[in-house]
Amino acid sequence: FDRQNKTLKSIYSGIKPGGMAVVNTNEVYLADPQNNRILVVDATGMAKDFIQQSSTDRFEPTGLAYDAKNGTIWVINNRNQAIESYNRIGNLKASIAIFNYTFDKIQLGDNTIYLIGKNGTSVWRVDRRGEFRLYQGSGASSFVGTDMLLGKERIYILDYQNRILAFKIPQG
């Protein structure tokens, strides 16, 4: 930990984080898709493997989100074509198939999962039963979502292509 700049120092050389989830002030989970793993970084900057699989396994974590209500980490696993939920000791608890589509970002609502497509041209809404619905964008380059946050009553979406911060009010 760099106390002067209040930042964590470099974790490992060779890591290219694909996403992160903050669990509490002492734990940050980092997706490392190139090395087929998820790391846990503590408040001192020490990192350890949370889940690591060989390159021959079907594991490529890109996006992460923490579900505080259930104490689980949701993982976009593009190689396995699924959104997967793991408990805090790394056991798979649930999996939703994403069939021939890849995603980069994930946010959790109360009973809904929101995903940004890998090329950013769409935002998808998935209910906990696994039903997908296009939420924003059309797959065309007129919309490029790069990130999103869920507020209490709105979803904020950064649209790089149009250089705006859009918001939508979630609808059932």
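Our subject is the structure that appears above.
These lines cover the structure that appears in this document, whether it is placed above or below. (Residues numbered from 1 in each chain as written. Predicted model: local features only at pLDDT ≥ 70, side-chain atom pairs only at ≥ 80, totals over all residues. Heavy atoms only, no water.)

## What about the nonpolar core?
Residues Tyr 29, Ile 38, Phe 50, Leu 64 and Ile 73 are the most contacted members of the largest nonpolar core, which totals 13 residues. Elements with a contribution of two residues or more to this core: strand E1 (19–24), strand E2 (27–32), strand E3 (37–42), strand E4 (47–52) and strand E6 (72–77). Setting aside its immediate chain neighbours within four residues, Tyr 29 contacts Gly 19, Met 20, Ala 21, Val 23, Ile 38, Leu 39, Val 40, Phe 50, Leu 64, Ile 73 and Arg 88. Formed by twelve residues, the second largest nonpolar core is a distinct cluster that contains Ile 83, Phe 103, Ile 106 and Val 126. (Core = buried A, V, L, I, M, F, W, Y, C linked by side-chain atoms within 4.5 Å. Buried < 20%, exposed > 50% of the residue type's maximum accessible area, 1.4 Å probe, protein only. Helix = DSSP H or I, 4+ residues; strand = E, 2+ residues; numbered from the N terminus. Contact = heavy atoms within 4.5 Å.)

## Examining the side chain of Asp 67
Here Asp 67 lies in strand E5 (residues 61–67). The buried category is assigned to Asp 67, whose relative accessible area is 8%. Polar side-chain contacts of Asp 67 include one of 2.8 Å to the side chain of Asn 70. The residues touching Asp 67, leaving out its near neighbours within four places in the chain, are Thr 72, Trp 74, Leu 108 and Arg 128. (Polar contact = N/O pair within 3.5 Å; in protein donor to acceptor, adjacent residues only side chain to side chain.)

## Brief notes about the sheet that holds strand E8 (residues 92–97)
Pairing within the open sheet is antiparallel, and its four strands lie in the order E5-E6-E7-E8. Of all the strands in the sheet, just E5 and E8 have a single pairing partner and so form its edges. Across the sheet, the mean angle from the axis of one strand to that of its neighbour is 20°, orientation sign disregarded. Note that E6 and strand E7 (residues 82–86) share five bridges and pair antiparallel. The residue of E7 that forms the bridge with Ile 76 is Ile 83. (Pairing = 2+ DSSP bridges. Axes fitted to C-alpha atoms, helices over the stretch in contact; angles between N-to-C directions.)

## A look at the layout of surface pockets
Taken as a whole, the largest pocket holds about 620 Å³ of empty space. Lining the largest pocket are 26 residues, with Ala 65, Tyr 66, Ile 106, Gln 107 and Leu 108 sitting closest to its centre. Elements represented by at least two residues in the lining of the largest pocket include exactly E1, E5, strand E9 (103–108) and strand E13 (145–150). (1 Å grid on protein atoms, 1.4 Å probe; cavity = no way out; pocket = protein on both sides within 12 Å on 5 of 7 lines; lining within 4 Å. Points joined across faces, edges and corners; volume = space filled by probe spheres on them.)

## Digging into the pattern of salt bridges
Per the counting criterion, the structure on display carries three salt bridges. Note that Glu 27 and Arg 88 form a salt bridge whose closest N and O atoms lie 2.2 Å from each other. Residue Glu 27 is located in strand E2, and its partner Arg 88 is located in the loop between E7 and E8; the two are separated by 61 residues in the primary sequence. Here Asp 49 and Arg 37 are joined by a salt bridge, their closest N and O atoms 3.6 Å apart. A residue pair is termed long-range when its members are at least 10 positions apart, and Asp 49 in strand E4 and Arg 37 in strand E3 qualify at twelve residues. A residue is classified by how much of its surface remains accessible, and Asp 49, at 37% relative accessible area, is partly exposed. Connected through shared salt-bridge partners, Asp 32, Arg 37 and Asp 49 make up one network. (Salt bridge = Lys/Arg side-chain N within 4 Å of Asp/Glu carboxyl O.)

By themselves, these observations are geometric and do not establish any function.
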